Amino acid sequence: MARDTSAAIPGSTPIGVLGAGAMGAGIAQVAARAGHPVVVCDARGEAVKQAAAAFAKVLARDVDKQRLDAKQAAAVGQRITWVEGVHYAAFAECGLVVEAIVEDLAAKQAAFGAIEEQVAEDCVFATNTSSLSVTSIASACERPERVVGMHFFNPAPLMPLVEIVPGLATAPTIAFAARELADAWGKTTVVARDTPGFIVNRVARPFYGEALRILEEGMADVATIDWAMRTLGGFRMGPFELMDLIGHDVNYAVTRTVWESLYYDPRYRPAIAQKRLVEAGFLGRKAGRGFYDHREGADKPAPSEDEALGRDIVDRILAMLINEAADAVLLNVASAADVELAMTTGVNYPKGLLAWGDEIGVGTVLARLQALQQEYGEDRYRPSPLLRRVAAAGGTLLG
């Protein structure tokens, strides 16, 4: 992204945040700690109260652990104004408004259309959408060129990655300003094309989807798949543990959005097993039940710890992940370097997937995918043309 400071967002710029949920409150904390005055607005008054109380506890803990002194903590806390109700006029003095509300296109479009009437012409709009089209969201604005995607990861104060996503109409100066600001906040930034799921939520789909497919086939149970991916694959959490943590309403919605937005590509098809959990209200940790029973006193199932079976599971899921990363590069979703950075910092994968593919051997990964495609006869397992080209040339994905 070429350097252009004509739309720079200075450190003293007032920041507006629409949404006081986990993401909105987290983004507000990041901005306030960086020195910005922040206004947080949410239609749900209770959410605003909870977010304000939670931030006060965070600051008190910082003082206890001597990360801040009492005066510094008070200054940070006073930078945030918490507004109960939808009062877009509260954003009138803001130079940047970050939207972090429900993942619904119509709701986001309506919000930006209304906010545009209350702010100055040079105010930048950022959407924290994880999978919706930035271009579609911006289309509701009179000046879509000032809308950009800034996708933070939860919890925003701790997770380093921010995906910068210019929409089709986004001015290059706006995209640069958003990236420069996130960099100034100490974040690690990557640039993604405005395609479904951007980098992380597209490339990571097989981590969930292929694990769900293995479960539905009866090849292994939840505990065994999680054990294999943690112990043999080196991932911090297994796919079912992670889905329970994220929440099945959220994870299923992202999968469905990516699947529908990519014209029902079978690679991204949602799983009935997860849909049934959503229908039952078994949304994971926050509901007490998901793939695991998280209620007090519940027994945790034991994995089989069959190493040969575990290796098969890891090899299958990893082949699909590497294939997805290769396609992201092939289709110019992002550069190879940004794909590697996004997956190691956004979802904490133990290695960059392209480097992992080179380590295993591109020919080996290709052979695994071809075997799956032959066995199932499904386009779901089609190898990326980039894998085929690299394998044929005897080269590596990272050159």
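First, a word on scope: everything that follows refers to the structure included in this document. Just so we're clear, the structure is a prediction, and the values are computed from it rather than from any experiment.

Conventions used here
- Residues numbered from 1 in each chain as written.
- Predicted model: local features only at pLDDT ≥ 70, side-chain atom pairs only at ≥ 80, totals over all residues.
- Heavy atoms only, no water.
- Helix = DSSP H or I, 4+ residues; strand = E, 2+ residues; numbered from the N terminus.
- Rg over C-alpha atoms; globule rule 2.2 N^0.38 Å.
- Buried < 20%, exposed > 50% of the residue type's maximum accessible area, 1.4 Å probe, protein only.
- Contact = heavy atoms within 4.5 Å.
- Polar contact = N/O pair within 3.5 Å; in protein donor to acceptor, adjacent residues only side chain to side chain.
- Phe/Tyr/Trp six-rings, centres within 6.5 Å; stacked < 30°, edge-to-face > 60°.
- Lys NZ or Arg CZ within 6 Å of the ring centre and 35° of its normal.
- Core = buried A, V, L, I, M, F, W, Y, C linked by side-chain atoms within 4.5 Å.

## Examining the overall build of the chain
(1) Moving on: The number of helices and strands found in the chain is 17 helices and eight strands.
(2) Moving on: Relative to the compact-globule value of 21 Å for 399 residues, the chain shows a C-alpha radius of gyration of 22 Å, a close match.
(3) Moving on: In terms of overall dimensions, the chain has a C-alpha envelope of 60 × 55 × 40 Å along the principal axes.
(4) Moving on: By the burial criterion, 52% of the 399 residues in the chain qualify as buried.
(5) Moving on: Restricting to contacts in the chain with at least 6 residues of sequence separation, those with at least 24 account for 71%.

## Thoughts on the side chain of Arg146
(1) Moving on: Along the polypeptide, Arg146 turns up in the loop between α5 (134-138) and β6 (147-152).
(2) Moving on: Assessed through its relative accessible area of 4%, Arg146 is described here as buried.
(3) Moving on: A polar contact is formed between the side chain of Arg146 and the side chain of Glu116, at a distance of 3.3 Å.
(4) Moving on: The contact partners of Arg146, leaving out residues within four places of it in the chain, are Glu116, Val119, Ala120, Glu121, Asp122, Cys123, Val124, Phe125 and Ile174.

## A look at the packing of aromatic side chains
To describe a pair of aromatic rings, you give the distance between the ring centres and the angle between the ring planes.
(1) Moving on: Scanning the model with the defined rule gives ten aromatic pairs in all.
(2) Moving on: Seen in terms of ring centroids, Phe112 and Phe125 are 5.1 Å apart; in terms of plane orientation they differ by 10 degrees. Their pairing is stacked. Here Phe112, found in helix α4 (residues 105-116), pairs with Phe125, found in strand β5 (residues 124-127); they are 13 residues apart in sequence, far enough to count as distant. We note that Phe112, like Phe125, is buried.
(3) Moving on: Taken together, a centroid distance of 4.8 Å and an interplanar angle of 90 degrees make the contact between Trp259 and Tyr264 edge-to-face.
(4) Moving on: Residue classification places Trp259 among the buried positions, given a relative accessible area of 19%.
(5) Moving on: An aromatic cluster of at least three residues, connected via ring pairs, comprises Phe207, Tyr208, Phe235, Tyr349 and Trp356.
(6) Moving on: Here the basic side chain of Arg146 rests over the ring of Phe125, its NZ or CZ set 4.6 Å away from the ring centre.
(7) Moving on: Looking at Arg213, its charged tip hangs above the ring of Tyr376, at a distance of 5.0 Å from the centre.

## Observations concerning helix α14 (residues 336-346)
(1) Moving on: Inspection of α14 places Asp338, Val339, Glu340, Ala342, Met343, Thr345 and Gly346 among the buried residues, and these make up the whole buried set.
(2) Moving on: Packing partners of the buried residues in α14 comprise β7 (161-166), β8 (188-191), α7 (200-203), α13 (307-330) and α15 (353-360).
(3) Moving on: Once α14 finishes, Asn348 follows within two positions and takes phi at roughly 60 degrees, a positive value.

## Some remarks on the nonpolar core
(1) Moving on: The biggest cluster of nonpolar side chains holds 81 residues, and the ones touching the most others in it are Phe91, Ile199 and Leu353.
(2) Moving on: No other element matches α13, which puts eleven residues into this core.
(3) Moving on: Residues contacting Ile199, with those up to four places away along its chain left out, are Glu163, Val190, Val191, Ala192, Val333, Ala334, Asp338, Val339, Ala342 and Met343.
(4) Moving on: The next biggest cluster of nonpolar side chains, apart from the first, holds 43 residues, and it includes Ala25, Ala73, Ala100 and Phe152.

## Remarks on the environment of Leu331
(1) Moving on: Position of Leu331 relative to the elements: it lies in the loop between α13 and α14.
(2) Moving on: Accessibility expressed as a relative area gives 37% for Leu331, which makes it partly exposed.
(3) Moving on: Sequence spacing of Leu331 and Tyr292 is 39 residues, and the spatial spacing of their C-alpha atoms is 37 Å.
(4) Moving on: Once residues lying within four places of it in the same chain are set aside, the contact partners of Leu331 are Arg193 and Arg202.

Note that all results are geometric; they support no functional claim without further evidence.
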